[in-house]
Amino acid sequence: MSDEQALAEQSAKVMWDNDAASRALGMELVSVAPGRAVVSMTVRADMVNGWDVCHGGLIASLADSAFAVACNSHGQVTVAAGFDVTFLESGRLGDVLVATAEERALRGRSGLYDVTVRRGDESGETVVAEFRGRSRSLGRSIEG
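Residues numbered from 1 in each chain as written. Predicted model: local features only at pLDDT ≥ 70, side-chain atom pairs only at ≥ 80, totals over all residues. Heavy atoms only, no water.

**Q** Before we move on, can you summarise unusual backbone geometry with the specific residues and values?
**A** The residue Asp52 is not glycine, and still its phi comes out positive at about 65°. Residue class for Asp52 comes out partly exposed when judged on its relative accessible area of 49%. (Buried < 20%, exposed > 50% of the residue type's maximum accessible area, 1.4 Å probe, protein only.)

**Q** Before we move on, can you summarise the side chain of Ser73 with the specific residues and values?
**A** The residue Ser73 is located in the loop between helix H3 (56–71) and strand E3 (76–87) in this model. Of the residues examined, Ser73 reaches a relative accessible area of 1% and is grouped as buried. For Ser73, the side chain forms a polar contact with the main-chain oxygen of Ala70, separated by 2.6 Å. Excluding its chain neighbours within four sequence positions, the residues that come into contact with Ser73 are Leu7, Ala8, Ser11, Val32, Ala33, Pro34, Gly35 and Arg36. (Helix = DSSP H or I, 4+ residues; strand = E, 2+ residues; numbered from the N terminus. Polar contact = N/O pair within 3.5 Å; in protein donor to acceptor, adjacent residues only side chain to side chain. Contact = heavy atoms within 4.5 Å.)

**Q** I'd like a description of H3, backed by residues and values.
**A** Along an α-helix, residues three or four apart share an orientation, since each turn contains 3.6 residues. Its 16 residues place the ends of H3 22 Å apart at the C-alpha level, agreeing with the 22 Å of an ideal helix rising 1.5 Å per residue. Every buried residue of H3 is listed here: Leu58, Ile59, Ala60, Leu62, Ala63, Ser65, Ala66, Phe67, Val69, Ala70 and Cys71. (Expected span 1.5 Å × (residues − 1).)

**Q** Talk me through the packing of aromatic side chains; I want residue IDs and the actual numbers.
**A** Counted under the stated rule, the structure contains 3 aromatic pairs. Measuring from centroid to centroid gives 4.6 Å for Phe83 and Phe131, while their planes differ by 25°, and the two rings are stacked. A residue pair is termed long-range when its members are at least 10 positions apart, and Phe83 in strand E3 and Phe131 in strand E6 (residues 127–141) qualify at 48 residues. Three or more aromatic residues link up through ring pairs in this structure, and these residues are Phe67, Phe83, Tyr113 and Phe131. (Phe/Tyr/Trp six-rings, centres within 6.5 Å; stacked < 30°, edge-to-face > 60°.)

**Q** An account of the environment of Val48 is requested, with residue identities and associated values reported.
**A** Within the secondary structure layout, Val48 lies in the loop between strand E2 (36–42) and H3. For the pair Val48 and Arg92, spaced 44 residues apart in sequence, the C-alpha separation works out to 7.3 Å. In this structure Val48 touches Val43, Val53, Cys54, His55 and Leu93, once residues within four positions along its chain are discounted.

**Q** Break down the nonpolar core for me, with residues and values.
**A** Core analysis: the biggest nonpolar cluster contains 30 residues, and Met27, Met41, Ile59, Leu62, Leu97, Val115 and Val117 have the highest contact counts within it. Put simply, the parts of the chain that give this core at least two residues each are helix H1 (3–17), E2, H3, strand E4 (96–107), strand E5 (110–119) and E6. The biggest single contributor to this core is H3, with 9 residues. (Core = buried A, V, L, I, M, F, W, Y, C linked by side-chain atoms within 4.5 Å.)

**Q** So what about the pattern of salt bridges? Which residues, and what values?
**A** Throughout the structure, instances matching the rule amount to 7 salt bridges. In this structure, Asp17 and Lys13 form a salt bridge, with 2.6 Å as the shortest nitrogen-oxygen distance. Taken as a pair, Asp17 and Lys13 lie in helix H1 at a separation of 4 residues, close to a single helical turn. Linked by salt bridges that have partners in common, Arg104, Asp114 and Arg132 make up one network. (Salt bridge = Lys/Arg side-chain N within 4 Å of Asp/Glu carboxyl O.)

**Q** Tell me what's going on with the packing of H1 against H3, and back it up with residues and numbers.
**A** The N-to-C vectors of H1 and H3 enclose an angle of 140°; their axes lie 9 Å apart at closest approach. Here H3 runs oblique to H1, going by the angle between their axes. On the side of H1, the interface is formed by Ala12, Met15 and Trp16, while H3 contributes Ser65, Ala68 and Val69. Looking at the contact of H1 with H3 residue by residue, the classes come out as 5 nonpolar, 1 polar and no charged. (Axes fitted to C-alpha atoms, helices over the stretch in contact; angles between N-to-C directions. Parallel < 35°, antiparallel > 145°, perpendicular 65-115°, else oblique. Nonpolar A, V, L, I, M, F, W, Y, C, P; charged D, E, K, R; others polar.)

Given below as structure tokens:
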């Protein structure tokens, strides 16, 4: 295992172990690598809105959690500076949604990440949402 991969895994463990919000939503960390993360979530009955589809804010939360793991994978405490999300399909009760985050650019303390949320698995054909996140490192190491 490379030093970068070990750092990504250790950073994810420290962050994920303390992420009560993601746990409360039933999210699972599927994988992490430097600048990359995959997180899944099953749509439960308490996640659907008045139109019987998954609440958009919960889909955005799934994407945000994958983004957070990816942008913290370099061992620096990093937070969101902002994000945009576009919904393309609805999530439905029982769907397994999978968010795949990929680093696009990292310059100094700022980063740019794209997250695709799919129905099914990482290679699923149905794209539910596209998310673009902007990150900012706080300039301190993740302790673990």
